[in-house]
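Chains, contacts and geometry: an overview
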Amino acid sequence: MILVLLGPPGAGKGTQAKGLEDRHAMVQLSTGDMLRAAVAAGTDLGLKAGAIMERGELVPDDLVIGLIAERIDADGASENFILDGFPRTIGQAEALDRLLEERKRTVDRVIVIAVDDDALVARIIGRFTCECGEGYHDVFKKPKVAGVCDRCGGTKFTRRPDDTEEVVRARLKAYYAQTVPLIGYYEQQGKVASVDGMAGIETVEKEIDEALKGV
Ligand code: AMP
């Protein structure tokens with residue numbers, strides 16, 4: 001199965017992708033994570049993408065399409081993928097459709113996680129991640145023992161440099177201008193299900209599992 005998670009920054013796409021990996025045999029492909037890794041490694045791609053990401057704008061389509069193509073091929077054609085943060089423009093969605101068609105595959109379901117704008121900024125500012133990938137929040141999801149990851153027991157946490165109020169506003173602007181049109185694109189293909197991202201994490205998980213039944 002190939003599942004696309006759509007939603008504004010802070011909607012919980014990453015959290016839900018991790019939950020889907022744990023509950024089902026699925027692999028999360030996050031272009032944001034791949035780009036951050038490229039920035040950390042100082043590769044050519046990282047150098048090109050870093051400054052754009054710091055401003056909260058979208059990196060050029062060809063760069064992210066290349067990343068996704070590589071990973072889909074590397075992880076095997078039979079895998080179940082969760083695409084988290086990709087596609088983000090109509091150009092990326094069209095390129096993805098072509099890429100999958102060449103591999104005799106297709107996007108099976110698109111889940112839109114809807115969240116009120118006001119909640120997004122509060123959700124993003126305050127979030128941090130363990131090096132194992134588990135996400136936390138200063139207010140909404142603290143580790144059970146302060147400073148220790150519930151999942152792996154690790155103590156190294158990081159915060160994203162683009163999780164500041166100013167950059168979040170730019171990321172929201174990019175979402176509404178460039179990514180929201182994808183909802184109509186996938187509705188025309190009859191693939192969209194919406195879930196209420198204002199509900200608790202477990203309720204959203206149940207809604208997503210419901211939307212995947214029969215796919
Ligand atoms: P994310 O972790 O998905 O919030 O992505 C962080 C940043 O990486 C975004 O604000 C963009 O600058 C960049 N990025 C991630 N995925 C994409 C994409 N599919 N297209 C363009 N830029 C992206």
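Fair warning: this is a prediction, and the values are worked out from it, not measured in the lab. Note on numbering: residues in each chain are counted from 1, in written sequence order. Side-chain atom pairs in this predicted model are given and counted only at pLDDT of 80 or more, local residue features only at pLDDT of at least 70, and totals for whole chains, interfaces and linings cover all residues. The side-chain numbers reported here are obtained from all heavy atoms of the structure, hydrogens and water having been left aside.

Once that is clear, we can look at the sheet that holds strand β2 (residues 27-30). Strand pairing is assigned whenever DSSP identifies at least 2 bridges connecting the two strands. Only DSSP runs of H or I reaching four residues or more are called helices, and only runs of E reaching two or more are called strands; each is numbered from the N terminus. Read across the sheet, five strands follow the order β2-β3-β1-β4-β8 without closing on themselves; strand pairing throughout is parallel. Because the sheet does not close on itself, it has two edges, and the strands there are β2 and β8 (192-196). For this sheet, the mean angle separating the axes of adjacent strands, direction not counted, is 25°. Relative to strand β3 (residues 81-84), strand β1 (residues 2-6) runs parallel, the two being bridged by four bridges. Opposite Leu3, over in β3, you have Ile82 as the bridge partner. Contacts are residue-level and defined by heavy atoms, with any inter-residue pair within 4.5 Å sufficient. Axis angles are defined between N-to-C directions and span 0 to 180 degrees, where every axis is a line fitted to C-alpha atoms and, for a helix, only to the segment in contact. Most of the contacts of helix α1 (residues 13-23) go to β3, to which it runs at about 170°, and overall it touches β1, β2, β3 and β4 (109-114).

Planes of paired rings set the category: under 30 degrees apart is stacked, over 60 is edge-to-face and the rest tilted, where pairs are Phe, Tyr or Trp rings (Trp by its six-membered ring) whose centres lie within 6.5 Å. Using the criterion set out here, one finds five aromatic pairs in the structure. Taking the centre distance of 5.8 Å and the plane angle of 25° together, the rings of Phe128 and Tyr136 count as stacked. Seen from their ring centres, Tyr185 and Tyr186 are 5.1 Å apart, and the 85° between their planes marks the pair as edge-to-face. Each residue gets one of three labels from its accessible area relative to the maximum for its type: buried under 20%, exposed over 50%, partly exposed in between, using a 1.4 Å probe on protein chains only. Residue classification places Tyr185 among the buried positions, given a relative accessible area of 15%. Here Tyr186 falls in the buried class, since its relative accessible area comes to 0%. Clustering of aromatic rings is evident, with ring pairs tying together Phe128, Tyr136 and Phe157.

Considered as a void within the structure, the second largest pocket measures approximately 190 Å³ in volume. Considering the residues around the second largest pocket, the lining is formed by Arg36, Ala37, Val39, Ala40, Gly50, Met53, Glu54, Pro161 and Asp162. No other element matches the four residues that helix α2 (residues 31-41) contributes to the lining of the second largest pocket. Amino acids are sorted into nonpolar (Ala, Val, Leu, Ile, Met, Phe, Trp, Tyr, Cys and Pro), charged (Asp, Glu, Lys and Arg) and polar (every other residue, Gly among them). In the lining of the second largest pocket, the residues fall into five nonpolar, one polar and three charged. Think of a 1 Å grid over just the protein atoms. A cavity is a set of points where a 1.4 Å probe fits yet cannot get out, a pocket is an open set with protein on both sides within 12 Å along at least five of seven lines, and lining residues have an atom within 4 Å of a point. Grid points are joined across faces, edges and corners, and a volume is the space filled by probe spheres set on the points.

A word on the pattern of salt bridges. Salt bridges are defined by distance alone: a side-chain nitrogen of Lys or Arg within 4 Å of a carboxyl oxygen of Asp or Glu. For the structure shown, the criterion picks out 17 salt bridges. In this structure, the salt-bridge partner of Arg23 is Glu205, at a minimum N-O distance of 3.5 Å. Of the two residues, Arg23 is situated in helix α1 and Glu205 in helix α9 (residues 201-212); the sequence distance between them amounts to 182 residues. Given the relative accessible area of 30%, Arg23 is considered partly exposed. A relative accessible area of 19% means that Glu205 is categorised as buried.

This brings us to the pairing of β8. Burial of β8 is one-sided: the residues Ala193 and Val195 facing one way are buried, the residues Val192, Ser194 and Asp196 facing the other way are not. Pairing analysis gives five bridges linking β4 to β8, with the strands arranged parallel. Across the sheet, the residue bridging to Val110 is Val192, located in β8.

Here we take up the sheet that holds strand β6 (residues 135-137). Read from one edge to the other, the open sheet built from three strands follows the order β6-β5-β7, with strand pairing classed as antiparallel. In this open sheet, the two edge strands, each paired with only one partner strand, are β6 and β7 (157-158). Bridge analysis of strand β5 (residues 127-130) against β6 gives three bridges, and the strand direction is antiparallel. Along β6, the bridge assignment pairs Thr129 with Gly135.

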